[in-house]
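What the coordinates show
Here is what each chain is made of, one letter per residue.
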Amino acid sequence: MQQERAVWQELQAELATLSSSSRQIISEQSGHLMYFDQPRLIIDGIHHVVDQVRRR
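A brief look at the structure comes next. (Residues numbered from 1 in each chain as written. Predicted model: local features only at pLDDT ≥ 70, side-chain atom pairs only at ≥ 80, totals over all residues. Heavy atoms only, no water.)

**Here we look at the overall build of the protein**
Selection criterion: We count a stretch as a helix when DSSP gives it H or I for four or more residues in a row; a strand needs E for two or more, and each element gets its number in order from the N terminus. As defined in this context, the radius of gyration uses C-alpha atoms, and a globule is described by 2.2 Å times the residue total to the power 0.38. Exposure categories follow from relative accessible area, calculated using a 1.4 Å probe and restricted to protein chains: below 20% of the type maximum is buried, above 50% is exposed, and the middle band is partly exposed. In summary, the charge assignment counts Lys and Arg as positive and Asp and Glu as negative, without counting His or the chain termini. By convention, charge coordinates are those of NZ in Lys, CZ in Arg, CG in Asp, or CD in Glu.
Each helix and strand counted, the protein has 3 helices and 0 strands in total. Along the protein, from the amino end to the carboxyl end, the secondary structure elements read α-α-α. A compact globule built from 56 residues should have a C-alpha radius of gyration of about 10 Å, whereas the protein, at 14 Å, is more than 25% larger. For the protein, the C-alpha atoms occupy an extent of roughly 40 × 30 × 10 Å along the three principal directions. When each of the 56 residues of the protein is scored for burial, the buried share is 9%. If the 6 positive side-chain charges of the protein are averaged to one point and the 7 negative ones to another, these points end up 13 Å apart.

Spelled out as structure tokens, the structure:
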């Protein structure tokens, strides 16, 4: 199971490199329902995207 998780994390990191404006955020303190456990991460991510779009 640990090896599968490591491969999955590696693939996710690779996916984030497909765009120069991508960034990977890892939610260390939540489960599958991140929007309940750490909604601030989602809110901050949305704000980041909006800021990037406004700067163009």
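Having put the structure on the table, let's press on.
**A few points about the pattern of salt bridges**
Here is the rule we go by: Here, a salt bridge means any side-chain nitrogen of Lys or Arg that lies within 4 Å of a carboxyl oxygen of Asp or Glu.
Under the counting rule described, the total for this entry stands at 1 salt bridge. For Asp44, the salt bridge identified is with Arg40, shortest N-O distance 3.2 Å. Of the two residues, Asp44 and Arg40 are both situated in helix H3 (residues 39-54); the distance of 4 residues between them amounts to about one turn of the helix. The exposure class assigned to Asp44 is partly exposed, which follows from its relative accessible area of 34%.

**A short note on the environment of Leu11**
With respect to the secondary-structure elements, Leu11 resides in helix H1 (residues 2-16). Taking the C-alpha atoms as reference, Leu11 lies 16 Å from Ser27; in sequence the two are 16 residues apart.

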